[in-house]
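Listed below, chain by chain, are the residues.
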Amino acid sequence: MSSVLLGAGVATISAATHALGVRDELVAALPELEAVRAGVGGGGAEGVDTEALDRPGRAVERALEATRGADWWIAERVPVAGANFEAVRTAVEAAHVVVDEVLEPVLALPLDGLAVDGRLDTVRLGDIARTSARALERLEEQVARLDRLDRSALLPQVSTALDGVDGPLQEASSLSASLAPVLRALPGLLGDDGPRDVVVLFQNSAESRALGGIAGASVLVHIEGGVLDVTRTLSAADFVSHADPVLPLPADTDQLYRSDGYALAGTSIHEVTSRPDFPYGAQVASQLWQESQGVEPDLILAVDPAALSYLLRATGPVAIADGSEITSDTLVGRLLNGVYREHPGLTDEANRAQDATFTSVVEALVTQLQSGAVDVPQAVEAWAQAVEEHRLLAWSPDRVEERALVLAGVGGALPGRSRGEVPFGLYLADAVGSKLEYYLHQRVRVAAGSCAADGTRPATVSSAFTNTIDTEAALGSEEFDYIAGFYGREGLERGTIRLRMMAYAPDDSAIRAVRVDGVEVPYVSGTDDGRPVAYAIVSIPPGATVTVEVEASVEGSIVDEVVFDGTPGVHPVEVENAVDAC
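As the structure is a computational prediction, the values presented were derived from the model and not from experiment.

(A) Spatial organisation of the layout of surface pockets. Counted as a void, the second largest pocket has a volume near 520 Å³. What lines the second largest pocket is a set of 29 residues, among which Glu207, Ile214, His270, Lys435 and Tyr482 lie closest to the centre. Those elements that provide at least two residues to the lining of the second largest pocket are strand S3 (196-204), strand S4 (214-224) and helix H11 (348-370). With five residues, H11 is the largest single contributor of residues to the lining of the second largest pocket. A class-by-class count of the residues in the lining of the second largest pocket yields 13 nonpolar, seven polar and nine charged.

Below you can see the structure in the form of structure tokens.
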């Protein structure tokens with residue numbers, strides 16, 4: 001027995017000596033691996049020096065070799081201390097996979113010449129998509145391996161080295177989770193299985209709706225043989241409106257959305273984004289396209305100007321139909337504010353001119369994409385930001401594609417509970433037919449008290465709305481008539497933002513109160529497919545800040561986190577989460 005123990009001790013000392021060298025190799029390789037990642041994100045594969053990957057790659061190889069000896073195998077099985085050796089080996093193996101199976105294949109991808117004679121090379125795009133998806137999935141596997149490690153017994157030196165590997169991988173993995181599924185589906189989305197008709201809905205977030213903005217302008221993009229062709233550009237006037245929902249709603253939801261003054265979900269193209277459930281709204285849009293245009297879409301996309309501005313970082317400026325140029329920096333201001341000054345008034349002619357500007361941007365972007373003039377890493381970053389901010393939504397009638405879109409984070413369904421997390425939604429809709437939400441800034445604070453023994457937890461969502469229209473000296477002029485909306489009919493001061501607010505509490509909870517600037521106000525109480533909802537109207541005069549608080553009691557299983565979900569605005573919503581684990 002003593003000889004066995006002595007042998008284990010000698011092996012452990014030998015492995016420890018190796019471990020110091022392995023740790024040093026790994027720590028030295030991390031900054032260079034991060035530089036490679038940053039180089040790809042900033043300028044693409046062509047901007048990365050081959051040696052920049054070779055150096056950390058060789059260091060990781062040396063570290064890997066050191067962990068494969070018999071002494072290391074024995075050391076991992078020593079009580080307590082063995083956990084440190086296992087952690088180092090796991091980190092080294094993860095780094096090795098990242099170099100060999102993620103970075104090297106992705107950097108080897110040829111990203112130039114993706115279009116030939118005005119047609120996208122769908123075969124090459126499919127190969128790139130599949131290779132990238134495999135690499136991202138391998139990355140996720142390594143993150144999961146590191147997550148499974150028990151770090152409670154690790155030495156500080158080992159823990160620090162592990163954090164150095166884990167941090168960048170976790171950051172990259174969040175992108176992988178949303179990108180890999182859509183990469184897998186990309187060949188089919190681009191018409192690999194036959195021609196496709198894709199409807200793009202333009203969400204105008206200057207006139208808010210729950211999912212972002214009113215859906216006015218829309219285009220039909222036909223995809224066939226690598227050619228993207230905008231075949232129709234439409235405004236809301238081209239679609240029939242209905243008194244009742246085109247597709248049935250759950251009974252409680254139907255009753256809620258018939259509340260006095262609220263636009264009924266599912267009745268018109270304008271209102272397909274009024275309920276915070278994109279699968280429902282997209283199916284309504286599909287039905288309306290079939291009814292009014294005789295087209296059954298294969299895919300419904302909804303984007304807002306901010307998402308398009310992110311894409312312009314990858315394509316560069318585009319020239320639109322009127323001869324003007326739009327850049328990433330000017331797109332939002334032009335489409336959500338400037339166009340109403342260029343075409344003022346509340347006439348149908350003005351509406352169509354405004355919508356024509358919106359659709360011409362989509363046409364210009366499609367032309368740019370089809371030419372292959374796109375910076376792929378920048379496009380990936382644009383995708384990731386749009387998805388994170390819920391500015392890009394998609395729905396497919398094909399169940400396999402729809403599953404991929406949901407996994408990619410663009411499904412837009414009503415959020416539900418998962419793993420101790422509960423969603424609390426605050427969704428908005430313009431109530432005066434204005435375009436004033438261009439001037440709306442929103443700050444949100446989510447707070448929750450301690451969990452009771454039965455799992456009950458009080459939660460409060462507080463939202464401060466600021467109306468900055470007072471900064472416009474020409475507010476009283478004719479060019480602001482369309483932007484100001486029908487304020488007179490509501491008896492409001494010109495420039496007042498009036499919002500219909502729908503607060504969605506989690507399942508198995510109850511809304512206790514709604515307060516405006518600290519004073520309790522009446523609200524309509526209802527449910528949406530069982531979820532408790534409070535509906536109230538709030539007005540924000542020019543230059544004012546109004547704070548709305550919604551208080552609820554979250555019940556059921558133990559709640560670890562309350563997650564905010566809301567309407568993506570013209571300006572990013574600032575969210576502070578003051579919720580501690582139970």
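(B) Representation of the sheet that holds strand S11 (residues 440-448) in the model. Read across the sheet, six strands follow the order S15-S14-S18-S12-S11-S20 without closing on themselves; strand pairing throughout is mixed. The strands lining the two open edges of the sheet, one partner per strand, are strand S15 (519-520) and strand S20 (574-578). Examined bridge by bridge, S11 and strand S12 (residues 457-467) share nine bridges and lie antiparallel to one another. In the sheet register, Leu440 faces S12, and the bridge partner there is Asn467.

(C) Highlighting the sheet that holds strand S19 (residues 561-566). In space, the five strands of this open sheet follow the order S16-S17-S13-S10-S19, with mixed pairing throughout. Every other strand in the sheet has two partners, leaving strand S16 (524-528) and S19 as the edge strands with one partner each. Strand-to-strand twist in this sheet, taken as the mean axis angle between neighbours without regard to direction, amounts to 25°. Bridge count for S16 against strand S17 (residues 531-540) is five bridges, and the pairing is antiparallel. Within S17, the position partnered with Gly526 by the bridge is Val533.

(D) Looking closely at empty space enclosed by the protein. In total, this model carries four cavities of 30 Å³ or more according to the counting rule given. Taken as a whole, the largest cavity encloses approximately 100 Å³ of empty space. Along the wall of the largest cavity there are 14 residues; nearest its centre are Leu428, Leu440, Gln442, Gly569 and Val570. With three residues, the single largest contributor to the lining of the largest cavity is S11. Its residues placed into classes, the lining of the largest cavity shows five nonpolar, eight polar and one charged. Lining of the second largest cavity is provided by 14 residues; of these, Pro415, Pro423, Ala505, Pro506 and Arg531 occupy positions nearest its centre. It is strand S10 (residues 421-430) that provides the largest number of residues to the lining of the second largest cavity, a total of four residues. By residue class, the composition of the lining of the second largest cavity is eight nonpolar, two polar and four charged.

Cut-offs applied
Residues numbered from 1 in each chain as written. Predicted model: local features only at pLDDT ≥ 70, side-chain atom pairs only at ≥ 80, totals over all residues. Heavy atoms only, no water. 1 Å grid on protein atoms, 1.4 Å probe; cavity = no way out; pocket = protein on both sides within 12 Å on 5 of 7 lines; lining within 4 Å. Points joined across faces, edges and corners; volume = space filled by probe spheres on them. Helix = DSSP H or I, 4+ residues; strand = E, 2+ residues; numbered from the N terminus. Nonpolar A, V, L, I, M, F, W, Y, C, P; charged D, E, K, R; others polar. Pairing = 2+ DSSP bridges. Axes fitted to C-alpha atoms, helices over the stretch in contact; angles between N-to-C directions.

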